[in-house]
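# Examination of the molecular architecture
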Amino acid sequence: SDPGNNSITVRWESDNKIDFKLFYGLDDSLTHFQKPEFIAEKEGHFLFQAKITNLTSGKLYYYQVNTEKVKSPIGTFKAALPKKSPISFIVIGDSRSKPLMFEKIVEQINKKNPDLILSSGDFVGKGGDYEQWGEHYFNVAEKMINHIPLFSAVGDHEADEVDGDEAVLFSHFLFPEKNHLKLWSSLDYGNAHFVALDYRYPYNEEMIEWFKKDMSDAKAKWRFVIMHKPSYNLGGH
């Protein structure tokens, strides 16, 4: 996550709260090191992250999470392209409920190999169910999000009172620095500016004023806005 400003945030979960090390570099010798930080605990699992800064734009980096006894597979990520560079991105949404179908979509995304993945939310059918996040989303998406950064709006299956938990788990996994009741944000990537709005607040003055300022401040050639429920709906559900 956080792929802008020549930085990237690598986030992972563990069954144990132990000392991790993140190694990275421009080849698989992994000559650099970043100390991770512990984020939060949910359901007996512990979330960590490491933010890597001062990356060289457009370069491919290798990374690995290590403990004394266990090493993750070596993954890769591409540092964000320079601000005026053309980029490619893929938009997905409602990846919930059918992991076998989602797996086929992930395969196609990996073949396209875009610079960025943009999501409109609804990652799982029951966003308040911790186990579903692993079974229906991360177990499938790991082949995609271990090397392509993802930026997302929140969906009703994460935020409503029927299936969701007011987006607590959504924020925990994707935006741990944000208030789960105020999920609007933006991102500069290459020659594009991306904005995710929170569908829960169509008349929220705080979000609207933030959105106006964010848009007027944006310098990118292209500006894209994503939200789970659109402002204009043609055709029902």
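Everything below is about the structure shown above.
Just so we're clear, the structure is a prediction, and the values are computed from it rather than from any experiment. (Residues numbered from 1 in each chain as written. Predicted model: local features only at pLDDT ≥ 70, side-chain atom pairs only at ≥ 80, totals over all residues. Heavy atoms only, no water.)

## As for the packing of aromatic side chains
Defined as follows: Pairing of aromatic side chains requires ring centres within 6.5 Å, counting the rings of Phe and Tyr and the six-membered ring of Trp. Pairs whose planes differ by under 30 degrees are stacked, by over 60 edge-to-face, and all others tilted. Elements are defined by DSSP. Helices are runs of H or I of four residues or more, strands are runs of E of two residues or more, and each kind is numbered from the N terminus. Per-residue accessibility, obtained with a 1.4 Å probe over protein chains only, is compared with the maximum for each type, and a residue is labelled buried under 20%, exposed over 50%, and partly exposed between these values.
By the definition in use, this model includes 24 aromatic pairs. Plain terms: the ring middles of W184 and Y201 are 6.2 Å apart, the flat faces sit at 90° to each other, and that makes the pair edge-to-face. Of this pair, W184 sits in the loop between α4 (168-174) and β11 (185-189) while Y201 sits in the loop between β12 (192-196) and α5 (205-217); the two residues are 17 residues apart in sequence, bridging distant segments of the chain. Aromatic pair F194 and F224: ring centres 5.5 Å apart, planes at 20°, arrangement stacked. Within this pair, whereas F194 is found in strand β12, its partner F224 is found in strand β13 (residues 222-226), the two being separated by 30 residues in sequence. The class of F194 is buried, set by a relative accessible area of 0%. Judged by its relative accessible area of 29%, F224 falls in the partly exposed class.

## Thoughts on the sheet that holds β11
Across a sheet, strands are paired by hydrogen bonds formed along the backbone, either parallel or antiparallel in direction. To keep it simple, the criterion reads: Pairing between two strands requires that DSSP report at least two bridges joining them. The convention used is that axes are lines fitted to C-alpha atoms, helices contributing only their stretch in contact, and that angles between N-to-C directions extend from 0 to 180 degrees. Between two residues, a contact is recorded if the distance between any of their heavy atoms is within 4.5 Å.
Within the open sheet, the 3 strands sit side by side as β11-β12-β13. Their pairing is mixed. In this open sheet, the two strands that pair with only one neighbour each are β11 and β13. Here the average twist between neighbouring strands, direction ignored, is 15°. Pairing analysis gives 5 bridges linking β12 to β13, with the strands arranged parallel. Across the sheet, V195 pairs through a bridge with V225, a residue of β13. This element, α5, spans β11, β12 and β13 of the sheet and lies at about 175° to β12.

## Some words on the sheet that holds strand β8 (residues 89-92)
In spatial order, the strands read β8-β9-β10; together these 3 strands make up an open sheet with parallel pairing. Each edge of the open sheet carries a strand with a single partner, namely β8 and β10 (150-152). Sheet twist, expressed as the average angle between the axes of neighbouring strands with direction ignored, equals 20°.

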